Amino acid sequence: MRRPLIGLTVVAVLSASFAIADEGVSEPATGWQSPAADVMEVLHAPKLPLVWTSPTGEHLFLADPTSYPPLAEMGATMHKLAGMRVNPQLNAVHGRHGFTSPRLVRVEGGAETPLDLPRDAEVHRVIWTVDGERFALIVGHADHMGLWVGSVKGDLKEIEDLALNPLLGAAADWLPDQKRLIVMAIPERGPAPQPPVIPAGPEILQGAGATARSTYESRNLLETDHDDALFEYYATSELVIVDPVKDKRQVIGKPDIYATADFSPDGRYLFVERAVGPWSHAVPWWRFANEAEVWDAKGEFVATVASLPLADEVPIHGEPLGPRSITWRATAPHTLYWVEALDGGDPVAEVPHRDRLMRLEAPFTGDPEEVFRAEHRIMSWQLVWGADGGTLMLTERERMRRWRYTWLLDVDEGTSRLWFDLNEADRYASPGYPLRRPLPNGRWVMHQQGDAVYFRGGGATKQGDRPFLDLRHLESGEVQRLFRCDPEHYEFFVAFAGDVDRFVLRSESSAEVPNYHLATLGQEIEAAEGEAVRAVTREPITRFTDPTPQLRDIEKRLVRYERADGVPLSFQLHLPPGYVEGTPLPTVLYAYPLEYSGAATAGQVRGSTRRFSRFYGPTHLYFLLRGYAVLDQTAMPMLGDPETTYDTFVPQLVADAEAAVAKAVEIGVTDPDRIGVIGHSHGGLMVANLLAHTDLFRAGIARSGSYNKTNQPFGFQSERRSLFEARDVYIALSPTFFADRVNEPVLIIHGNADSNPGTLTFQSEVFFEAVRGSGGTARLVLLPFEDHGYRARESVEHVLWEQLRWFDEYVKGAPAGESSP
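Residues numbered from 1 in each chain as written. Predicted model: local features only at pLDDT ≥ 70, side-chain atom pairs only at ≥ 80, totals over all residues. Heavy atoms only, no water.

1. A closer look at the overall build of the protein chain
- Helix and strand counts for the protein chain come out as nine helices and 50 strands.
- Computed over the C-alpha atoms, the radius of gyration of the protein chain is 28 Å, within 12% of the 28 Å expected from 2.2 N^0.38 for a compact globule of 821 residues.
- Dimensions of the protein chain, computed from the C-alpha atoms along their principal axes, are close to 75 × 75 × 60 Å.
- Burial status across the protein chain gives 58% buried among its 821 residues.
- In the protein chain, once contacts between residues fewer than 6 apart in sequence are set aside, the share between residues at least 24 apart is 60%.
- If you sum the accessible surface of the protein chain, you get close to 33800 Å²; carbon and sulfur atoms cover 50% of it.
- Separation between the mean location of the 79 positive side-chain charges and that of the 113 negative ones in the protein chain comes to 2 Å. (Helix = DSSP H or I, 4+ residues; strand = E, 2+ residues; numbered from the N terminus. Rg over C-alpha atoms; globule rule 2.2 N^0.38 Å. Buried < 20%, exposed > 50% of the residue type's maximum accessible area, 1.4 Å probe, protein only. Contact = heavy atoms within 4.5 Å. Areas by Shrake-Rupley, 256 points an atom, 1.4 Å probe, with all protein chains shown as cover. Lys, Arg positive; Asp, Glu negative; His and termini not counted. Charge placed at Lys NZ, Arg CZ, Asp CG, Glu CD.)

Below is the structure:
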């Protein structure tokens, strides 16, 4: 199939509806376009600041986001290296921005103190000391990533002659003494390796009897010997201990490719992980061979914990062999814990136990000891230590049932018991997540009151999300609700402020800007729904103002309904300013298909209509400014177990869409002859399939989608069967094979540098050609330098122009009462 030429801006329009001599195509609209002034005003309105809270809850660190960098920046030189896109000028991730105009706000009283940072500098990370009095900042400058140190008194200074390397690990962290920092710094080095004038040879990959691996780790990989040399150059760091008060620094160890450098809680040992070659061209750096070692505080080698081989044959949805997620126990001076697979890392292997928890004591030269065997896969990022003793909260996941089990272990006594378990998709029953607090040495543990642990959660209900704060007792499992979001607002706990009866609260409503408040818990009261909670009084901390008051006239409603087979569903209905009740409107449906084990969880309400409306990027919500109704967060559940969900993907998708459209028409807000559908990524696949298999929609917009699943022969989403095991399934859900049935206009948008292996740009090019060649109406827009999402100012403005124009012509402009083609 012929591929359109790609220049700086690629906008191709090929359609049976438009014809000129010879080529049978129309001339495309070229050059960057911008939407109307009212859309531009909202798009470029100031954004609310990001907030980092001090560990004590006494101060907030605020900084403003950097929105929509210029395309020239996105198109600047970068290197694709072992799973990363590297900005060679900063030795940092390409295209990643920080925050500007930093300032401190005192929680008690709201006094604000500006911080003196250069105007062109951007804060990428804030690292507080445990006492909340000092902080370190990772700051992006024009030519390096720097380290700044300040205090709540407002003083701030840069550590001079130090350039950080944030590519592989934490570029800076406080030592256990909370006075010094360990940083990954760029060592002295010469210029970057230059590419050969003539390649040293062809690109060669070879396999023989290898196990299939997931395509989701096959992005931005090394390809040539020159890439290998660049990876070594940019990924190499040296470890430096920095004392910002005494202005001293100490280099420990030699320069190497470090992924981890973590001091033990007592500061006596340093755990280090470093990648070792040769460098693979098949997997990203986190699958490279690596050495896991313990050093002493001076950087002298003590022991090897593990020598892990290249993990280039990890089963689909599986885990690599050997220790993973190696970390220090928070409540012991220097004991390492980790998880390792017992099933060969294969999620479908039939074994009595999949994982085990291991530990290794100093001097780290003996055999590691098994602590716990798990029937299912341990979610290693959810290992949380208790405040004292040997308590450890451990969660394992049963893949086939999509079920989670949370255990309480006493690693000192060797005991374990199941604390609670639930369907991972059951948002209504979710207990939330345990709050954590730092110990004096900086290690984080569960925040407890006696034998009870504080939990916070999203608080999903049939009326929408109402976040909560609970105390969950370790022994009895009894739950005491302390706080529940006001039903007329969307509010959530941020951090305790000094003591456990006062906390920072973030509160917003559909009409009120998100702001931070100092909340105080009072006596127990009975809420309107009969739930016992504590009374809450609030004092404002911040007073942010509304940057887009024109959006306040948008009305939001939660609408619930059922699929034809009885599966409960919902969408958030957004109505444009000035809507007259009972008037059918042109309507836009936005959705993203999700997978569930059963109807009970598939139909649970997601989100809240009490959220303050803010528009980001090329969102579909801009259609509200053009008089459309928008069905947002439209439920598109796919029911089934992980092995067979996609056997019925298209029929379920059609049933979901039919139910949503029928409900929107029934309540009188939607003109059934003027409905458009839009989706991104997996939602793009949804759009193409709905256009191919239904006549519900006048037109569609499919962004960054995957339209031929045979290009991912070894699985996608939760599907782990290969193309060769489920050939008919792969084809049935691939709309490219049914492009001749797409008889509604489709706008196809894609980043021209999409690194997501499942949605490479050629997927949209081929789908476009298939629709166009079958006589359909299609428009292909390829955005230069853009990845899976769209970030550049020119790109975002142009996508909005394309989307609004497309639906204005083919949806809003469609004759009333005339069904789609």
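2. Considering the sheet that holds strand β15 (residues 237-243)
- Pairing in this open sheet of four strands is antiparallel, and the strands run β13-β14-β15-β16 from one edge to the other. Only two strands of the sheet have a single neighbouring strand rather than two, namely β13 (172-174) and β16 (248-256). With direction set aside, neighbouring strand axes in the sheet form an average angle of 20°.
- Taken together, the three bridges between β13 and strand β14 (residues 181-185) define a ladder with antiparallel strand orientation. For W174, the partnering residue across the bridge sits in β14 and is L181. (Pairing = 2+ DSSP bridges. Axes fitted to C-alpha atoms, helices over the stretch in contact; angles between N-to-C directions.)

3. Re the sheet that holds strand β5 (residues 84-87)
- Spatial strand order, β4-β5-β6: three strands in an open sheet with antiparallel pairing. Edge positions in the open sheet fall to β4 (79-81) and β6 (92-93), since each of these has one partner strand only.
- In this sheet, β5 lies alongside β4 in antiparallel orientation, the contact comprising three bridges. Residue pairing in the sheet places L81 in a bridge with M84 of β5.

4. Observations regarding empty space enclosed by the protein
- Under the counting rule described, the total for this entry stands at one cavity of 30 Å³ or more.
- There is about 80 Å³ of room inside the largest cavity.
- Around the largest cavity, the lining residues are V42, A45, P46, K47, L48, P547, T548, L551, R614, F615 and Y616.
- The residue inventory of the lining of the largest cavity, partitioned by class, reads eight nonpolar, one polar and two charged. (1 Å grid on protein atoms, 1.4 Å probe; cavity = no way out; pocket = protein on both sides within 12 Å on 5 of 7 lines; lining within 4 Å. Points joined across faces, edges and corners; volume = space filled by probe spheres on them. Nonpolar A, V, L, I, M, F, W, Y, C, P; charged D, E, K, R; others polar.)

5. So, the pattern of salt bridges
- Summed over the entire model, instances satisfying the criterion amount to 48 salt bridges.
- Among the ionic pairs, R772 bridges to E769, the shortest N-O distance being 2.9 Å. In this pair, R772 and E769 are both assigned in helix α8 (residues 762-773), three residues apart and thus about one turn of the helix distant.
- Owing to a relative accessible area of 7%, E769 belongs among the buried residues under this scheme.
- Measuring nitrogen to oxygen at the nearest pair gives 2.7 Å for the salt bridge that ties R779 to E802. Taken together, the positions of R779 in strand β50 (residues 777-783) and E802 in helix α9 (residues 793-812) put the pair 23 residues apart, joining distant regions of the chain.
- With relative accessibility at 0%, the residue E802 sits in the buried group.
- Salt bridges here are not isolated pairs; linked through shared partners, they connect E319, R324, D343, R354, D355 and R377. (Salt bridge = Lys/Arg side-chain N within 4 Å of Asp/Glu carboxyl O.)

6. Some points on the confidence of the model for the protein chain
- In the predicted model, the protein chain carries a mean pLDDT of 92, and 94% of its residues have values of at least 70.
- Note that pLDDT drops below 50 for residues 1-27; the model gives that stretch 63 contacts with residues more than four away or on any other chain. (pLDDT = per-residue confidence, 0-100.)

7. Some points on the packing of helix α5 (residues 649-666) against helix α6 (residues 682-693)
- Here α5 crosses α6 at 85°, and the two axes come no closer than 10 Å. One element, α5, and the other, α6, form an angle in the roughly perpendicular class. Counted together, F649, V650, L653, V654 and A657 of α5 and H682, L685, M686, N689, L690 and H693 of α6 form the full contact between these two elements.
- Considering only residue class, the contact of α5 with α6 consists of eight nonpolar, three polar and no charged. (Parallel < 35°, antiparallel > 145°, perpendicular 65-115°, else oblique.)

8. Some words on the side chain of T601
- Here T601 is to be found in helix α4 (residues 599-602).
- Take T601: its relative accessible area is 6%, and that puts it in the buried class.
- Excluding residues within four positions of it along the chain, T601 makes contact with N423, A425, D426 and Y596.

9. A few points about unusual backbone geometry
- For the bond running from G277 to P278, omega is 0°, close enough to zero to count as cis.
- Inspection of the secondary structure puts P278 in the loop between β18 (269-275) and β19 (290-296).
- A362 connects to P363 through a cis peptide bond whose omega is 10°.
- Among the structural elements, P363 can be located in the loop between β23 (355-361) and β24 (369-374).

10. Side note on the pairing of strand β10 (residues 134-140)
- A large share of β10 lies buried, amounting to seven of its seven residues.
- Side-chain alternation along β10 places R134, A136, I138 and G140 on one buried face and F135, L137 and V139 on a second face that is also buried.
- Here strand β9 (residues 122-128) pairs with β10 via six bridges, running antiparallel. The partner of E122 across the bridge, within β10, is G140.
- What sits between β9 and β10 in their antiparallel hairpin is a turn of five residues, with G132 showing a positive phi close to 70°.
- Looking at chain direction, β10 and strand β11 (residues 145-151) are connected through seven bridges and run antiparallel. Paired with A136 across the strands is V149, a residue of β11.

11. Describing α5
- With 18 residues, α5 should reach 26 Å at 1.5 Å per residue; the first-to-last C-alpha distance of 26 Å fits that figure.
- By the criterion of burial, α5 is predominantly enclosed, with 13 of the 18 residues buried.
- Of the residues one or two after α5, G668 is the one with positive phi, at around 85°. (Expected span 1.5 Å × (residues − 1).)

12. Focus on the packing of aromatic side chains
- Throughout the structure, instances matching the rule amount to 32 aromatic pairs.
- Here the aromatic rings of W52 and F99 are separated by 5.6 Å at their centres, their planes lie at 90°, and the arrangement is edge-to-face. With W52 in strand β2 (residues 50-53) and F99 in strand β7 (residues 99-106), this residue pair connects regions lying 47 residues apart in the sequence.
- Looking at W52, the relative accessible area reads 17%, which means it is buried.
- A cation over a ring is seen here: R481 above F468, with NZ or CZ 4.3 Å from the ring centre.
- Positioned over the ring face of F612 is R552, at 3.7 Å from the centre of the ring. (Phe/Tyr/Trp six-rings, centres within 6.5 Å; stacked < 30°, edge-to-face > 60°. Lys NZ or Arg CZ within 6 Å of the ring centre and 35° of its normal.)

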